[in-house]
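An overview of the molecular structure
Next come the chains, spelled out residue by residue.
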Amino acid sequence: MLKSRIRRQTTASTHASSRLAAIEASIRALDNEDLLDLADIFARGEPTPLTDLTVQIMAERNVHL
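Computed from a predicted model, the values in this text were never measured in an experiment.

Describing the nonpolar core
If you look at the biggest cluster of nonpolar residues, it comprises seven residues: I27, L35, L38, A39, L53, I57 and M58. At the level of elements, helix 2 (32-43) and helix 3 (49-61) are the ones that each hand at least two residues to this core. If near-sequence neighbours (up to four positions away) are discounted, M58 is found in contact with L35, L36, A39, V63, H64 and L65.

A short note on a negative patch on the surface
A cluster of acidic residues, D31, E33, D34 and D37, forms a negative patch at the surface. One can find D34 in helix 2.

Considerations on the packing of helix 2 against helix 3
As a packed pair, helix 2 and helix 3 sit with axes 10 Å apart at the nearest point and diverge in direction by 145 degrees. The two elements helix 2 and helix 3 meet at a crossing, and its hand is left-handed. Residue-level contacts link N32, L35, L36, L38, A39 and F42 of helix 2 to L50, T51, T54, I57, M58 and R61 of helix 3. Here the residues of the contact of helix 2 with helix 3 are counted per class, giving eight nonpolar, three polar and one charged.

Examining unusual backbone geometry
Working note: non-glycine residues mostly have negative phi, and peptide bonds are mostly trans. Phi angles above zero are rare outside glycine, and N62 is one such case at about 60 degrees. By the secondary structure assignment, N62 is in the segment after helix 3.

Points about the pattern of salt bridges
Enumeration over the complete set of coordinates arrives at three salt bridges. Across the pair R44 and D40 runs a salt bridge whose closest N-O atoms are separated by 3.2 Å. For R44, a relative accessible area of 64% gives the class exposed. Here the salt bridges do not stand alone but share partners, grouping E24, R28 and E60 into one network.

Parameters and conventions
Residues numbered from 1 in each chain as written. Predicted model: local features only at pLDDT ≥ 70, side-chain atom pairs only at ≥ 80, totals over all residues. Heavy atoms only, no water. Core = buried A, V, L, I, M, F, W, Y, C linked by side-chain atoms within 4.5 Å. Buried < 20%, exposed > 50% of the residue type's maximum accessible area, 1.4 Å probe, protein only. Helix = DSSP H or I, 4+ residues; strand = E, 2+ residues; numbered from the N terminus. Contact = heavy atoms within 4.5 Å. Patch = residues over 30% accessible without salt bridge, like charges linked within 9 Å, V, L, I, M, F, W, Y side chains within 5 Å. Areas by Shrake-Rupley, 256 points an atom, 1.4 Å probe, with all protein chains shown as cover. Salt bridge = Lys/Arg side-chain N within 4 Å of Asp/Glu carboxyl O. Lys, Arg positive; Asp, Glu negative; His and termini not counted. Charge placed at Lys NZ, Arg CZ, Asp CG, Glu CD. Axes fitted to C-alpha atoms, helices over the stretch in contact; angles between N-to-C directions. Left-handed = near helix turned anticlockwise from the far one by under 90°. Nonpolar A, V, L, I, M, F, W, Y, C, P; charged D, E, K, R; others polar.

So this is what it looks like as structure tokens:
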């Protein structure tokens, strides 16, 4: 039972990590105009990890709102 639970948790963790990497890759693939639109959407609410990622990518590209 313990081994199957550990295996399930490992699988879930791996799946979550790959989904997070895919989300980051999708955001990085946006052109500057779409990236600015995304940043504008997240600028209105509470800070989230997506806000942080968007700001980081904008800084790397030297793009500002």
